[in-house]
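Single-letter residue listing:
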Amino acid sequence: MNAQDSFNDRLKKAGKTISTPRVIPRAEHSISRTNISDSAVKVLYRLKDAGYKAYLVGGGVRDMLLGREPKDFDIATDAHPEEVQEQFRSCHLIGRRFRLAHVRVGRDVVEVATFRANVPAVEEGETRSVKKGEDRHTENGRIMRDNVYGTLEEDAWRRDFTINALYYNIADFSVVDYTGGLEDLKAGWIRLIGDPVQRYREDPVRMLRAVRFAAKLGFRIHPDTEDPLFDLGYLLEDIPSARLYEEVLKLFMGGCALETFELLRHYRLFEHLFPQTEDDLAQEREGFPSELVARALANTDARVAAGKPVTPAFLFAALLWGPMRRQAEPLQAGGESETQAIQEAGDVVVMRQVQRIALPKRFSMPMREIWTMQPRFTQINGKRSLSLLMHPRFRAAYDFLLLRGESGEDVQDLCEWWTKFQEVNPDERQTLLRAPVAGAKAVIGSEALAATAATKKRRRPRKRRKPAGAATE
Ligand code: ATP
Ligand code: MG
């Protein structure tokens, strides 16, 4: 019997879940306390010594079993949030949708969640609260608040994927598996617990999580879990834009951005996150679909792999460059200066995008600057070029210029010139400034400029998987 059948069977039993988990003793699995952060171990022991159950759960257990380094360690316990708080000097309770305890240990914050139960099967269209005090509240099948506490077993069944529902018990160092997660971990399946359509409706972000874990772990999404993805993307449109922003960062800044992007497009989820970008990608420019987004994501992955910083400003600049260009072209053709056109088009594109995904101002401002600095690269002139070089955002804007060059925009000459300009000594800089670059006028590329460019020999970008290492500070 697979995890889903057994889940449904159990739920039929008057909402009760009674089953025997598979328990793997310490000697038969690879998780060792030495791989768990000291802070998480301290919190686990503190809860256990106070008489509570305490387990490590989620990505920490999953990743350790796979021999990967976990990103963080989440703890599940039967202690209620207030009881957790009593155990620690520095602990505060957060969250409305989910109430959680954040325990501070030294410089770390350890997240502690109380076991919760999933109350299943709310009919579509029905709005109701289960239990007094609105512990759990759903609207049209979507979970708005989820604070019905439960047992360890109930906690396991309410989690998203089987591989995320494995528990490491600090009392005897065993691993506890109610949902078949160990088998799926071995077989490489991302499988939702329960009825996939219902679970996606409860929380559409699970669709993004399925894709993220598939890309990150190199797993396949189980057919039952995969099928509804193609049709349910529209549910993402009801998710608050601030939550989607957090998820998008996880999707694109976790080191597997390119793979994730390709899967999101495959499942038709991307168009619900970045509709303008999807439109732009669907149209060809000078006979080719744009490669800029894919290259930017490959660069981001290369930087993450090298331990270099990445910023949402650069990422969003790349994701929205195509739509912004498309919007700017008629403005420029209508007589606006290039900078003006970029600014105006940027306003429109950003305004539309933030309705879906709440890009904070501290990133949208530098993103806009990266764009508006692009025309300045064409103005090769002593004072202006030197002042551009000193601009605090020069590095990001220059990297963006390189990205455009790699992606087939006709700015290769400019890229070479600006690369050289940075490398040479002040005397040589003067020489360079006296011999300006050919093609210095091509920037966002109106159709007219593109036509001129097309008469030159076009240099196609190389295969996009090759990381180019553009910086994004
Ligand atoms: P990582 O931290 O490596 O990205 P993770 O699996 O730990 O992956 P978190 O977002 O930290 O992901 O969540 C911790 C755990 O909480 C998950 O493993 C899963 O069991 C549960 N969980 C998180 N989000 C959901 C959700 N939307 N629905 C159901 N369970 C969830
Ligand atoms: Mg986690």
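Residues numbered from 1 in each chain as written. Chains lettered and ligands numbered in written order. Predicted model: local features only at pLDDT ≥ 70, side-chain atom pairs only at ≥ 80, totals over all residues.

(A) A look at the overall build of the chain. Helices and strands together make up the secondary structure of the chain, namely 23 helices and 15 strands. By the burial criterion, 42% of the 473 residues in the chain qualify as buried. For the chain, contacts bridging at least 24 residues in sequence account for 69% of all contacts bridging at least 6. (Helix = DSSP H or I, 4+ residues; strand = E, 2+ residues; numbered from the N terminus. Buried ≥ 20, exposed ≤ 12 C-beta atoms within 10 Å, placed from the backbone. Contact = placed C-beta atoms within 7 Å.)

(B) Seen up close, the site of ligand 1. Taken together, Gly58, Gly59, Lys71, Asp72, Asp74, Arg159, Asp160, Asn164, Ala165, Asp203, Val205 and Arg206 make up all the residues around ligand 1. By residue class, the composition of the shell around ligand 1 is two nonpolar, three polar and seven charged. (Near = placed C-beta within 6 Å. Nonpolar A, V, L, I, M, F, W, Y, C, P; charged D, E, K, R; others polar.)

(C) Looking closely at helix H8 (residues 205-217). With 13 residues, H8 extends 18 Å between its outermost C-alpha atoms, agreeing within 8% with the 18 Å of an ideal straight helix rising 1.5 Å per residue. Within H8, burial applies to Arg206, Met207, Leu208, Ala210, Val211, Arg212, Phe213, Ala214 and Ala215. Once H8 finishes, glycine 218 follows within two positions and takes phi at roughly 70°, a positive value. (Expected span 1.5 Å × (residues − 1).)

(D) Structural view of the sheet that holds strand E11 (residues 175-177). Ordered by their spatial adjacency, eight strands build an open sheet running E1-E11-E10-E2-E3-E6-E5-E4, and the pairing between neighbours is mixed. Strands at the two margins of the open sheet, each flanked by one partner only, are strand E1 (22-24) and strand E4 (91-94). Geometrically, the sheet is characterised by an average inter-axis angle of 30° between neighbouring strands, direction not taken into account. Here strand E2 (residues 54-57) runs beside strand E10 (residues 166-169); their pairing, made up of three bridges, is antiparallel. (Pairing = 2+ DSSP bridges. Axes fitted to C-alpha atoms, helices over the stretch in contact; angles between N-to-C directions.)

(E) The arrangement of the packing of helix H14 (residues 275-282) against helix H16 (residues 312-333) in detail. Relative orientation of the contacting elements H14 and H16 amounts to 70°, with a least axis distance of 8 Å. Between H14 and H16, the angle is such that the two are roughly perpendicular. Here H14 contributes Gln276, Thr277, Asp280 and Leu281 to the contact with H16, which in turn contributes Leu319, Leu320, Gly322, Pro323 and Arg326. Of the residues in the contact of H14 with H16, the class split is four nonpolar, three polar and two charged. (Parallel < 35°, antiparallel > 145°, perpendicular 65-115°, else oblique.)

(F) Here's a closer look at unusual backbone geometry. In this structure, phenylalanine 173 is a non-glycine residue whose phi angle is positive, near 65°. You can see phenylalanine 173 is positioned in the loop between E10 and E11. In this structure, arginine 268 is a non-glycine residue whose phi angle is positive, near 55°. Tracing the backbone shows arginine 268 in the loop between helix H12 (257-266) and helix H13 (270-273).

(G) Spotlight on the nonpolar core. The biggest cluster of nonpolar side chains holds 109 residues, and the ones touching the most others in it are Ile75, Val211, Leu269, Ala317, Ala318 and Ile370. Split by domain, this core shows at least three residues from each of two domains, domain 1 (3-238) and domain 2 (274-455). For alanine 318, the contacting residues outside a window of four places in its chain are Leu292, Val293, Ala296 and Leu403. (Core = buried A, V, L, I, M, F, W, Y, C linked by C-beta atoms within 7 Å. Domains from an automatic or database assignment.)

(H) Focus on the packing of H8 against helix H11 (residues 241-252). The interhelical angle for the contact between H8 and H11, taken along N-to-C directions, is 5°, at an axis separation of 10 Å. Judged by the inter-axis angle, H8 sits roughly parallel to H11. Every residue of H11 that contacts H8 at Val205, Leu208 and Arg212 is listed here: Arg243, Glu247, Lys250 and Leu251. Tallied by class, the residues present in the contact of H8 with H11 amount to three nonpolar, no polar and four charged.

(I) A look at the pairing of E10. The sheet contact formed by E10 and E11 spans three bridges and is antiparallel. In the strand pairing of E11, tyrosine 168 is matched with valine 175. Between E10 and E11, which pair antiparallel and follow one another directly, the connecting turn spans five residues, one of which, phenylalanine 173, has a positive phi of 65°.

(J) The confidence of the model for the chain, seen in detail. Residues at a pLDDT of 70 or more form 83% of the chain, whose mean pLDDT is 86. In this model residues 442-459 is a low-confidence stretch, pLDDT under 50, and it forms 24 contacts with partners more than four residues away in sequence or in other chains. The low-confidence segment residues 461-473, where pLDDT is below 50, has 34 contacts with residues more than four positions distant or belonging to other chains. (pLDDT = per-residue confidence, 0-100.)

(K) Examining the pairing of strand E6 (residues 108-114) more closely. Inspection of the sheet shows strand E3 (residues 74-77) paired to E6 by four bridges, in the parallel sense. When the sheet's bridge partners are listed, alanine 76 is paired in E6 with alanine 113. The loop that links strand E5 (residues 100-105) with its antiparallel partner E6 comprises two residues; one of these, glycine 106, has a positive phi angle of about 60°.

(L) Region of the structure containing the environment of glutamate 82. Here glutamate 82 is to be found in helix H4 (residues 81-87). On the basis of neighbour counts, which here come to 11 C-beta atoms within 10 Å, the residue glutamate 82 falls in the exposed class. For the pair glutamate 82 and histidine 92, spaced ten residues apart in sequence, the C-alpha separation works out to 9.2 Å.

(M) Region of interest: the environment of proline 196. Along the chain, proline 196 falls in helix H7 (residues 196-202). Between the C-alpha atom of proline 196 and that of aspartate 224, which follows or precedes it by 28 residues, the distance is 7.0 Å.

(N) Quick look at the environment of arginine 142. Counting through the fold element by element, arginine 142 comes out in strand E9 (residues 142-146). Between the C-alpha atoms of arginine 142 and glutamate 202, which are 60 residues apart in sequence, the distance is 3.8 Å.

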